[in-house]
Amino acid sequence: MNPLDILYIAAAAWIAAALTGLLAGRTKPGLLACCALSGVGGAAAVAGGGWSLVYGDTPVVTPGGAAATIVGGPLELQMTSLAGVFMALLGIVAVAIALYAPRYHEPGRGTAVYLAAYNLALLACLAVLAAGGMVTFLVAWETMSLTCYLLILRRVRRDEVARGAFWFLALSEIGFLLVVAAFVILASKTHATGLDAIADRAHLVPDGWRAAAYLLALVGFGFKAGLVPLHVWLPEAHPVAPADGSAFLSGLVVKLGIYGIALFAFRLAPAGGSWPGLVTMGTGAITAAIGILYALRERDIKRFLAYSTIENAGIIVTAFGAAMIFHAYRQPALAALLLLAGLYHVANHGCYKTLLFLEAGVVEHATGTRDMDRLGGLVHRLPRSTVIAFVGTLGIAALPPLNGFVSEWLIFQGLFQGFRTGSHLIAILIVVAAATLGLTGGLAIYAFVRGFGIPYLGMPRTRQAAAVRETGQPIAGPALLAVACVALAVGAPVMLTALSRATRTITGVTLGPLLLPGKLTVIPAHANFSAFSPTYLTVFLVAACAIPLLIFLAGRPRAASVSVPVWDGGIVSFKPRMQYSAMTFSAPTRVTFDGLYRPAVSVRRASDDDPAGRSGPVHYESQVTPVFERYLYRPVIRAVEWLADAIRPLQSGDVNLYLLYVFAMILLAYLLGAV
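Model, not experiment: these values are computed from the prediction. (Residues numbered from 1 in each chain as written. Predicted model: local features only at pLDDT ≥ 70, side-chain atom pairs only at ≥ 80, totals over all residues. Heavy atoms only, no water.)

## Notes on the overall build of the protein chain
In terms of regular secondary structure, the protein chain is built from 27 helices and 4 strands. Whereas a compact globule of 675 residues would reach a radius of gyration of roughly 26 Å, the protein chain reaches 27 Å, a difference of no more than 12%. Referenced to the eigenvectors of the C-alpha coordinate spread, the extents of the protein chain come out at roughly 100 × 75 × 60 Å. Burial statistics for the protein chain: of 675 residues in total, 54% are counted as buried. When the accessible surface of the protein chain is totalled, it reaches about 28900 Å², and 67% of it is carbon and sulfur. Where the 46 positive side-chain charges of the protein chain centre and where its 32 negative ones centre are 7 Å apart. (Helix = DSSP H or I, 4+ residues; strand = E, 2+ residues; numbered from the N terminus. Rg over C-alpha atoms; globule rule 2.2 N^0.38 Å. Buried < 20%, exposed > 50% of the residue type's maximum accessible area, 1.4 Å probe, protein only. Areas by Shrake-Rupley, 256 points an atom, 1.4 Å probe, with all protein chains shown as cover. Lys, Arg positive; Asp, Glu negative; His and termini not counted. Charge placed at Lys NZ, Arg CZ, Asp CG, Glu CD.)

This is how it looks when you write it as structure tokens:
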């Protein structure tokens, strides 16, 4: 069976869901019907993506024949192994959100429009991944950007919503122009617009033009992927979008930017030499470090998760860049390993980051706030949600035995073999990238101890946090993703087998026998380096935790328990305000990296006559403007505003003056033609 036939089912389901949502989303039955259809489309996408991941690329087809065109080009569709990973992730995200949305959204006019835009965005993402030609890809990409813009505008009357949506759309359009330029270079040099034809003729493109096309694609897709310094839309757009919209943006749309980078790097424009890989790897490592450092400053849960998305995008791109370097130095096994590890991390991050954004929506839905310092004690009031969030936290912190650990372990094992390139300089640069990711990994554990501990553990810091109940909160969607995270860890050999088949299709390297010589043991491309078994590790850790618990339960005394006061340092009553806040927890990191943050600090006292603050409270505020926004984007914005003010007199409203402009332009064109 052709996976495109399955994808037609997904497309039809999402079109039907969009129409149902638009026409009937104002009622509860209509909302449920829309989500059910959306879930059916997601299940079909999982099936189609999994099929192509295992069985390879399909031929290009043109539905409706050659006469079927879109914006002047043929409608060409194809499923590839590279796209299969992202397609399966698209389906999982769609199913989880379909289970989540009915309890998160209230029926109404705004919900109806939102659901229609969301399902059209799913359809556009499907078209991006199934595109077999340049025109199809570009039209689908732009459609995806515009529909995602509508998702962010769900609560359009708020100023911060308009700001976040503007950042997303403006940077998306700049990136789109660069992507168009990259495709135009390849199409003009290969005299083809089909992706298969461009890939087959890539060797005909001169090295300089091929490198230019790749760098344009890296920057253009980097806007969507959130690479530094192109990342500024994520912390602006994610907090203002609905929770399921944020989950969709982070879990999938960011991954489409990564898909575009991989498409050019490994299929359309594999650049010669090692320097494109070095640029890619360096950009990814810097992105990962900057992302987690800024995450540590955030109290808003969704902004915190947005910066974490930047970090993980950097990890994936670092792996892709290192794969390009190893390919240039004729180490095909390591190149295939790092490509596989990057794709594995795509699937892992898509699952646990979607989960965490949905859980952030549960917290906001229940308490009315996303501020960590206004939460606390949710483990007692949202117990099931806490367990689900804990699974996602273990995954994203890359702690064993969850799935994030497996993919990051593979990435590190590949980077640590930089010495196999034979170049001391390249080996050192790869090790520096690995060290940067090592720092990032340590800070990520620190960040998510804070991100989970402050909201869920301890005592409630406000009455709203103390009064929440789990009744009516969406559980099924995040729970599905938690199961997926566990399955991706315990079932790592199955996932690695499927991904090794995909990398064989992409690179021509048969990695499976090297990677999985036994049934459950994983070897990172070379048997003389290291090995481990995710499945055995999971069983061991579960047993190590279960045995002491069983011993405790078996030997527990049967006498009635007695509660007595305990010594607490002389404190009569422990108050919620005595707990660590999110900002005090991260204070050591903020002090260490003060040169990066450059905070603006203000201190207000009840009385200026008493500097010690004994006459009243002291209010301390620290505000950080990200360095790239301060030194890159703000000067550009000021220059554009100055230019707009300078040319404003040209728009005088005088028709005669406008006719003079037209005459002057015609005269100039005539003179240039004569020359």
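## Comments concerning helix α10 (residues 243-268)
Taking 1.5 Å per residue, 26 residues should reach 38 Å; α10 reaches 35 Å between its end C-alpha atoms and fits that length. The axis of α10 is deflected most strongly, by about 35°, at L249. Across the 26 residues that make up α10, a large majority, 26, are buried. (Expected span 1.5 Å × (residues − 1). Bend = angle between axes of the 7 residues up to and from the residue.)

## Side note on the packing of aromatic side chains
Evaluation of the coordinates by the stated rule reveals 24 aromatic pairs. Considering the side-chain rings of F137 and F221, the 6.0 Å spacing of their centres and the 85° angle between planes classify their relative orientation as edge-to-face. Placement of F137 in helix α5 (residues 134-152) and of F221 in helix α8 (residues 207-225) is noted, with a sequence separation of 84 residues between them. On the accessibility criterion, F137 (0% relative accessible area) is buried. Counting every residue linked through ring pairs, the aromatic cluster contains F137, W141, F183, F221 and F264. (Phe/Tyr/Trp six-rings, centres within 6.5 Å; stacked < 30°, edge-to-face > 60°.)

## Considerations on unusual backbone geometry
Backbone geometry follows two general trends: most residues other than glycine have a negative phi, and most peptide bonds adopt the trans configuration. In this structure, the amide linkage connecting V228 to the following residue, P229, adopts the cis form with an omega of 5°. With respect to the helices and strands, P229 occurs in the loop between α8 and α9 (233-237). Unusually for a residue other than glycine, H191 sits at a positive phi of about 55°. Take H191: it is sitting in the loop between α6 (159-190) and α7 (195-200). Under the relative-accessibility criterion, H191 is labelled exposed at 67%. Not every positive phi belongs to a glycine, and R330 is a case in point at roughly 55°. Within the secondary structure layout, R330 lies in the loop between α12 (301-328) and α13 (332-367).

## Re a nonpolar patch on the surface
Taken together, the side chains of I15, L19, L22, L23 and V113 make up a nonpolar region of the molecular surface, amounting to roughly 490 Å² of accessible area. Here the element with the most residues in the nonpolar patch is helix α1 (residues 3-24); it accounts for 4 residues. Along the polypeptide, V113 turns up in helix α4 (residues 109-130). Residue V113 is classed as partly exposed on the basis of its relative accessible area, which comes to 48%. (Patch = residues over 30% accessible without salt bridge, like charges linked within 9 Å, V, L, I, M, F, W, Y side chains within 5 Å. Salt bridge = Lys/Arg side-chain N within 4 Å of Asp/Glu carboxyl O.)

## So, the packing of α4 against α10
Relative orientation of the contacting elements α4 and α10 amounts to 20°, with a least axis distance of 11 Å. With respect to α10, the axis of α4 lies roughly parallel. Here the hand of the crossing between α4 and α10 comes out left-handed. Facing Y114, Y118, A121, L122, C125, V128 and L129 of α4, the residues of α10 in contact are D244, G245, F248, L252, L256 and Y259. For the contact of α4 with α10, a count of residues per class yields 11 nonpolar, 1 polar and 1 charged. (Axes fitted to C-alpha atoms, helices over the stretch in contact; angles between N-to-C directions. Parallel < 35°, antiparallel > 145°, perpendicular 65-115°, else oblique. Left-handed = near helix turned anticlockwise from the far one by under 90°. Contact = heavy atoms within 4.5 Å. Nonpolar A, V, L, I, M, F, W, Y, C, P; charged D, E, K, R; others polar.)

## Some words on the pattern of salt bridges
The tally for this structure, following the rule as stated, stands at 10 salt bridges. Note that R163 and E236 form a salt bridge whose closest N and O atoms lie 3.0 Å from each other. Here R163, found in helix α6, pairs with E236, found in helix α9; they are 73 residues apart in sequence, far enough to count as distant. One salt bridge in this structure joins R299 and D373, with 3.4 Å as the shortest N-O distance. Remark: D373 occurs in the loop between α13 and α14 (378-381) and R299 occurs in the loop between α11 (275-295) and α12; sequence separation between them is 74 residues. R299 sits in the partly exposed class, given a relative accessible area of 36%.

## Observations regarding the side chain of E236
A relative accessible area of 14% means that E236 is categorised as buried. Here the side chain of E236 touches R163 through a polar contact of 3.0 Å, side chain to side chain. If near-sequence neighbours (up to four positions away) are discounted, E236 is found in contact with R163, G164, W167, R303 and E629. (Polar contact = N/O pair within 3.5 Å; in protein donor to acceptor, adjacent residues only side chain to side chain.)

## With respect to the nonpolar core
Judged by nonpolar contacts, the single largest core of 202 residues is most densely connected at L90, F137, F183, F248, F264, Y344 and L410. Counting residues per element, this core draws most heavily on α13, which supplies 22 residues. Apart from the residues within four sequence positions on either side, L410 is in contact with L337, L340, A341, Y344, L496 and V522. (Core = buried A, V, L, I, M, F, W, Y, C linked by side-chain atoms within 4.5 Å.)

## A closer look at the packing of α11 against helix α17 (residues 424-456)
Running from N to C, α11 and α17 cross one another at 20°; their axes reach a closest spacing of 9 Å. It follows that α11 is roughly parallel to α17 by the angle criterion. As for how α11 packs across α17, the hand of that crossing is left-handed. Along the contact surface, α11 presents L278, M281, A285, A288, A289, I292, L293 and A295, while α17 presents I426, L429, I430, A433, T436, L437, T440, L443, A444, A447 and R450. Residue composition of the contact of α11 with α17, grouped by class: 16 nonpolar, 2 polar and 1 charged.

## Quick word on the environment of R598
Position of R598 among the secondary structure elements: in the loop between α25 (594-597) and β3 (600-605). For R598, the contacting residues outside a window of four places in its chain are R630 and Y631.

## Notes on the side chain of R461
On the secondary structure map, R461 appears in the loop between α17 and α18 (463-467). Look at R461: it is buried, it has no salt bridge, and the nearest opposite charge is D373 at 4.9 Å. In terms of polar contacts, R461 uses its side chain to reach the backbone carbonyl oxygen of Y580, at 2.7 Å. Residues in contact with R461, not counting those within four places in the same chain, are M372, D373, R374, L375, G376, I454, P576, Q579 and Y580.

## Concerning helix α15 (residues 383-396)
Over its 14 residues, α15 runs 20 Å from end to end, which matches the ideal 20 Å to within 8%, given 1.5 Å per residue. Those residues of α15 that fall on the buried side of the exposure criterion are S385, T386, I388, A389, V391, G392, T393, L394, G395 and I396. The secondary structure elements touched by the buried residues of α15 are α12, α13, α14, α16 (403-415), α17 and α19 (476-490). Two residues or fewer after α15 comes A398, characterised by a positive phi angle close to 60°.

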